[in-house]
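Structure at a glance
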Amino acid sequence: MRKIFLIILTFHFSHLTYSQSPKTYTSSEILLQLKKLNVLGSVLYIGAHPDDENNALLPYLANEKLYRTAYLSLTRGDGGQNLIGDEQGVELGLIRTQELLAARKVDGAEQFFTRAYEFGYSKSSDEALRIWDREKILSDVVWVIRQFQPDVIIKRFPPTRGGHGHHSASAILADEAFTAAADPKRFPEQFKYGVKPWQAKRIMWNTFNFGGTNTTSEDQLKVDIGGYNSLLGKSYGEMGGEARTMHKSQGEGRPRRRGQSFEYFVTTSGEPAKTEIMDGVISDWKRINGGDAVQSMINNIIQNYKPDAPELSVLSLIKLYQSIKVLPGSNWRNKKLDEVQQLIEECSALYVEATSSQQRVVQGDTLRISFFLNERKAVNVTFKNIKLENFDSAFSIPLPANQNVTIAKTLSVAPDKKISQPYWLEYPLVGGTFEVRDQTMIGKAENDPSFEAIFLINIAGEDFTIKRAVQYRVIDPVKGDVYQPIPVLPKVELNYTKDNFISLNNSPVKVEAKIKSNETNDAGSLQLYQQYSKNWKWNEDHSSLNSIPETSKEKYWTGTFSSQSKETNTTEEIKLRTSDGKYDGYTKTISYDHIPTITYFPKAKTNLVKLDIKIIGKKIGYIIGAGDKVPQALEAMGYEVKTLSEADITDDNLKQFDAIITGIRAYNIYEYLSNKNDVLMRYVQNGGNLIVQYLKSNQVGSKRVKVGPYPFTIDAGSRVTEEDAKVNFLLPDHPVLNYPNKITEKDFEGWVQERSTYQVSQMDEHYQTPLGMNDKDEKQSNGSLAIAKYGKGNFVYASLVFFRQLPAGVPGAYRLMANLIGLPHP
């Protein structure tokens, strides 16, 4: 017997108009989906990174050819740069994951990933495959192929000439997976999860003509993808531009293109394609036994479809659903059942959602949920059941036409409910790959919702299970209806208040951590239980703490540390034990308008940095660049930092600063810096030091960037990607290597990800280049640091990646930056 007394429900019928969820479908979109029911062909596109996909081709495949289409990105783009914020590493990967999903909503394709971490620019596929663990990532590609079962696989890149080690590695793995996925002896452990060997018809290379490289030719398969879709009201070039523009963190805004556009393809394995990529593939219902009758039913539904009355197709769609359901089990049977159910929901104008006014919920707390239904047309619909976590209740409510039905429920959240950590971040990185211990999660773009409501709805005599994520809903006075994911938070969280705590010149350093209770009740007694590195002496014992105050829910812990050794940098973690568990991290949210709010839970870590340093000058003017955390590092060194805007770049205002520093790509972001180059050069001429961190290129659109007192040229392909590459002192007596700090080889130890990027390749004779470096088997380059005396001051172009090293607490990077700021006046 159901325990009714545990359930508190309220019912009401009203004429209140609720805002719609973000996605609804027009009659023309429904017609396009009806046409897609007759297509049983699939294409998997494979590249290395977010934004490697061909954004004009994917909408053509998904909406013109109506193939099931997906993009497999080996990485989540963690190692790139960020033009919209200061997130780097896994945080940038989280952003770029959601940008890919936003692009897929535009073009209608699906999205998959492997466990590969984008560790930064790589110059060889051998390096990429070694760092990623070739077999591990190959198994992921095979797993996705066996699950998705593509008829055709398309590579974005060739196995050579990819321009990036990750690019060519993606092609190598795609080629190997094409064969391995069909081999029952390869990765047989996957078969216990329901997949089976799969042989695609062919694998093709989508040749290209960009970046000064043309790999296309007229003897290749040539396809015009520039058509116009009348049902969507857009050409595929327009859709591609919209999808590409979702990669906002990479500055990938693109125009909506119209007119003819050709793509070229070469078959690299399998049966060659001569007239179209799906040559020789049965891509209609003939590929399924008993499918002929189904195809006839679909044709009849399309013929009788009424755009102004989609609900008239519901009964025919239900009969179609029943006919497909009795076919032999297969990927296509299951996929088409899902598509038909989606169409039944759309044609019947059934609206179902589950929302909460709570933005987040804590383990062991409660969540207020509103279940909402509206049958907006006169279709025979009965609401029968809702299931959610420990809530399961039966109903028998006929839904009247266009009447709102709302059911309120307060859900008890289990104390051991998993926090909403993205699945690939649950465990530390292993080499160059994420550690994912659940095989069924591999390949998925993101977690399943924290809470998912399951509605049982009967439509015209057939039961359907409809799943809806429980979302936070708020009415924003500017944006209107806003829906966001609801994360589950830990009961207690803790974090250091800074990424780096710096002991300047062997002085004790005060370390502070914040401890916060998310519970409504007292968190109980607290105890820190992490031992710090032996390189540091903990001067106070605060391992035992009192309870967190119930009023503020926050408590700060401080400890003073003194260096005990010559080690310059250690990464320290802090953990906490309470009466009901252990906690070692904190909640962090990332919010941008073009993607959902991201919540994840980093470990509580900090760098304790021993920094022996002298600084000359005190006041720095800083122009923020892309993804910039350098100002905080400068302040930790003891400088006073003021952020400058365009209005601040005047002769009189700049006189107060000992140095001006521009963040990475600042000249590519702000046109005003080129326009103000004369002002900045007068600042240098009068005795100031101007330090320009790297530019992506000398051009912004059709305009050349005006920077520096003398000309120099940036080579986007010139970089040193090996973070431990040997650094040679070409001008050992140059002031930058001697004043006020003596720079030695030790200052280039412990660097992360890379040494230098977007180096100078050609320069005026006034520039001096004190450093030389190179990756393995390459010639030495001297473009990482170019310094020119000008009047009474100095101009510096620095492609050394200070923007990565300073936030990582690399002592040598701090010392070298101090020398650049303190360059003596000529």
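Residues numbered from 1 in each chain as written. Predicted model: local features only at pLDDT ≥ 70, side-chain atom pairs only at ≥ 80, totals over all residues. Heavy atoms only, no water.

Quick look at the overall build of the chain
Selection criterion: A helix here means a DSSP run of H or I that spans at least four residues, while a strand means a run of E at least two residues long, and both kinds are numbered starting from the N terminus. For every residue, the accessible area (1.4 Å probe, protein chains only) is compared with the maximum for its type, and the residue is labelled buried under 20%, exposed over 50%, or partly exposed between those bounds. Here, residues are in contact when the closest pair of their heavy atoms is within 4.5 Å. Two residue types count as positive, namely Lys and Arg, and two as negative, namely Asp and Glu; His and chain ends fall outside the count. Each charge is placed at NZ for Lys, CZ for Arg, CG for Asp and CD for Glu.
Counting its regular elements, the chain contains 17 helices and 47 strands. When the 826 residues of the chain are sorted by exposure, 55% land in the buried category. Contacts spanning at least 24 positions in sequence make up 74% of the contacts within the chain whose residues lie at least 6 apart. Charge-centre separation for the chain: the mean point of 99 positive side chains lies 1 Å from the mean point of 97 negative side chains.

Digging into the environment of Ser393
The topology assignment puts Ser393 in strand β17 (residues 391-398). Linking Ser393 and Asn653, residues 260 residues apart in sequence, is a C-alpha distance of 69 Å.

Remarks on empty space enclosed by the protein
Heads up, the condition is: Buried and open spaces are told apart on a 1 Å grid over the protein atoms alone, a cavity being a set of points where a 1.4 Å probe fits but cannot get out and a pocket being an open set with protein on both sides within 12 Å along at least five of seven lines. Residues with an atom within 4 Å of a point are the lining residues. Grid points are joined across faces, edges and corners, and a volume is the space filled by probe spheres set on the points. Classes in brief: Ala, Val, Leu, Ile, Met, Phe, Trp, Tyr, Cys and Pro nonpolar; Asp, Glu, Lys and Arg charged; the others, Gly included, polar.
In the structure shown here, the tally under the stated rule is one cavity of 30 Å³ or more. In this structure, the largest cavity spans a volume of roughly 40 Å³. In terms of lining residues, the largest cavity is bounded by Phe113, Thr114, Arg115, Tyr423, Trp424, Val436, Ile442 and Gly443. Here the residues of the lining of the largest cavity sort into five nonpolar, two polar and one charged.

Details of the nonpolar core
What counts here: In this description, a nonpolar core means a group of buried Ala, Val, Leu, Ile, Met, Phe, Trp, Tyr and Cys residues linked to one another through side-chain atoms lying within 4.5 Å.
Core analysis: the biggest nonpolar cluster contains 77 residues, and Leu634 and Tyr797 have the highest contact counts within it. At seven residues, the largest contribution of residues to this core is made by helix α17 (residues 811-821). Contact partners of Leu634, with chain neighbours within four places excluded, come to Ile620, Tyr622, Tyr639, Val641, Ile661, Met817 and Ile821. Counting residues in hydrophobic clusters, the runner-up holds 56 residues, among them Ile30, Val314, Phe455 and Ile457.

Description of the sheet that holds strand β37 (residues 640-643)
To keep it simple, the criterion reads: We call two strands paired when DSSP finds no fewer than two bridges between them. Axis definition: a line fit to C-alpha positions, over the contact stretch in the case of helices; interaxial angles, taken between N-to-C directions, run 0 to 180 degrees.
Strands sit in the order β37-β36-β38-β39-β47-β46 across an open sheet of six strands; the sheet is mixed. Each end of this open sheet is capped by a strand with a single partner; those strands are β37 and β46 (785-790). When strand polarity is set aside, the average angle formed by the axes of neighbouring strands in this sheet is 20 degrees. Bridge count for strand β39 (residues 689-693) against strand β47 (residues 793-798) is five bridges, and the pairing is parallel. Across the sheet, residue Asn689 finds its bridge partner in β47, namely Asn794. Together, β36 (619-623), β37, β38 (659-662) and β39 form the strand contacts of helix α11 (residues 630-637), whose direction differs from that of β36 by roughly 175 degrees.

Digging into the packing of aromatic side chains
By convention here, two paired aromatic rings are described through the distance between centres and the angle between planes. What counts here: The rule is short: rings of Phe, Tyr and Trp, with Trp giving its six-membered ring, pair when the centres are within 6.5 Å, and they are stacked under 30 degrees, edge-to-face over 60, tilted in between.
Applying the stated criterion across every chain yields a total of 27 aromatic pairs. Judged by centre distance (5.8 Å) and plane angle (85 degrees), the ring pair of Tyr60 and Tyr236 falls under edge-to-face. Note that Tyr60 is positioned in helix α2 (residues 57-63) and Tyr236 in helix α7 (residues 236-244), a separation of 176 residues in sequence. Using a relative accessible area of 12% as the deciding quantity, one classes Tyr60 as buried. By relative accessible area, Tyr236 is classed as buried at 0%.

Details of helix α10 (residues 331-347)
To be explicit about the condition: Expected helix span is computed as 1.5 Å times (number of residues minus one).
With 17 residues, α10 should cover 24 Å at 1.5 Å per step; its first-to-last C-alpha distance of 24 Å lies within 8% of that length. Trp332, Arg333, Lys336, Leu337, Glu339, Val340, Gln341, Leu343, Ile344, Glu345, Glu346 and Cys347 are the residues of α10 that are buried. Residue Ala349 follows α10 closely and has a positive phi angle near 60 degrees.

Regarding the confidence of the model for the chain
Low pLDDT means the predicted coordinates in that region are not meant to be read closely. Quick reminder of the rule: How sure the predictor is of each residue is captured by pLDDT, a score from 0 to 100.
Residues of the chain with pLDDT of at least 70 account for 93%, and the chain-wide mean is 91. Low pLDDT (under 50) marks residues 1-20, which in the prediction has 48 contacts with non-local residues, meaning those over four places away or in another chain.

Looking at the side chain of Glu339
Selection rule: Whenever two N or O atoms come within 3.5 Å, that pair is a polar contact, provided that in protein one can donate a hydrogen and the other can accept it, and provided that, for residues adjacent in sequence, both atoms are side-chain atoms.
Structurally, the position occupied by Glu339 is in helix α10. A residue is classified by how much of its surface remains accessible, and Glu339, at 15% relative accessible area, is buried. There is a polar contact of 3.0 Å between the side chain of Glu339 and the side chain of Lys336. Once residues lying within four places of it in the same chain are set aside, the contact partners of Glu339 are Lys36 and Leu37.

Section: the sheet that holds strand β9 (residues 221-224)
The strand order β4-β3-β2-β5-β6-β12-β9 describes an open sheet built from seven strands, whose pairing is mixed. At either margin of the open sheet sits one strand with a lone partner, and together these are β4 (110-113) and β9. Averaged over all adjacent pairs, the angle separating strand axes in this sheet is 30 degrees, with direction ignored. Two strands pair when backbone bridges link them, and strand β2 (residues 42-47) and strand β5 (residues 152-155) are joined in this way by four bridges, in the parallel orientation.

Describing unusual backbone geometry
Excluding glycine, a negative phi dihedral is what most residues carry, and trans is how most peptide bonds are arranged. Omega for the bond connecting Tyr739 with Pro740 falls within 30 degrees of zero, at -5 degrees, which places this linkage in the cis form. On the secondary structure map, Pro740 appears in the loop between β43 (727-729) and β44 (759-763). Positive phi, normally seen in glycine, also occurs at Phe187, with a value near 50 degrees. Looking at where Phe187 falls in the secondary structure, it is placed in the loop between α6 (165-180) and β6 (202-207). Phi at Asp777 takes a positive value of approximately 65 degrees, unusual for a residue other than glycine.

Here's the deal with helix α4 (residues 125-132)
For the α-helix, the turn length of 3.6 residues means that residues three or four positions removed from each other point alike. Those residues of α4 lying buried are Ser125, Glu127, Ala128, Leu129 and Trp132. Its buried side turned inward, α4 meets α5 (134-148) and α6.

With respect to the packing of helix α1 (residues 27-36) against α10
Quick reminder of the rule: Roughly parallel refers to an angle under 35 degrees, roughly antiparallel to one over 145, roughly perpendicular to one between 65 and 115, and oblique to any angle outside these ranges. If you view the pair so one helix is near and one far, a crossing is left-handed when the near helix is turned anticlockwise from the far one by less than a right angle, and right-handed when it is turned clockwise.
Closest axis-to-axis distance for the α1/α10 pair is 10 Å, and the angle between their directions is 155 degrees. As far as their axial angle goes, α10 and α1 are roughly antiparallel. The crossing of α1 and α10 is left-handed. Contacts between α1 and α10 pair Ile30, Gln33, Leu34 and Lys36 from the former with Lys336, Glu339, Gln342, Leu343, Glu346 and Cys347 from the latter. Counted by class, the contact of α1 with α10 contains four nonpolar, two polar and four charged residues.

Remarks on the packing of α5 against α6
Each pair of packed helices can be summarised by the angle the axes make with each other and by the distance between the axes. Where α5 contacts α6, the two axes come as close as 9 Å, and the packing angle between them is 55 degrees. Comparing their axes, α6 and α5 come out oblique. The handedness of the crossing between α5 and α6 comes out as right-handed. From α5, Arg134, Ile137, Leu138, Val141, Val142, Ile145 and Arg146 reach across to α6, where they touch Ile172, Leu173, Glu176, Ala177, Phe178 and Ala180. Taken together, the residues that form the contact of α5 with α6 break down as 10 nonpolar, no polar and three charged.

Looking at the side chain of Ser781
By the element assignment, Ser781 lies in the loop between β45 (771-773) and β46. Contacts of Ser781, omitting those with residues within four sequence positions, involve Val720, Gln759, Leu771, Gly772, Met773 and Asn774.

A short note on the pairing of strand β21 (residues 480-485)
Where strand β20 (residues 462-476) meets β21, six bridges bridge the pair, whose relative direction is antiparallel. Paired with Val474 across the bridge in β21 is Val482. Between β20 and β21, which pair antiparallel and follow one another directly, the connecting turn spans three residues.

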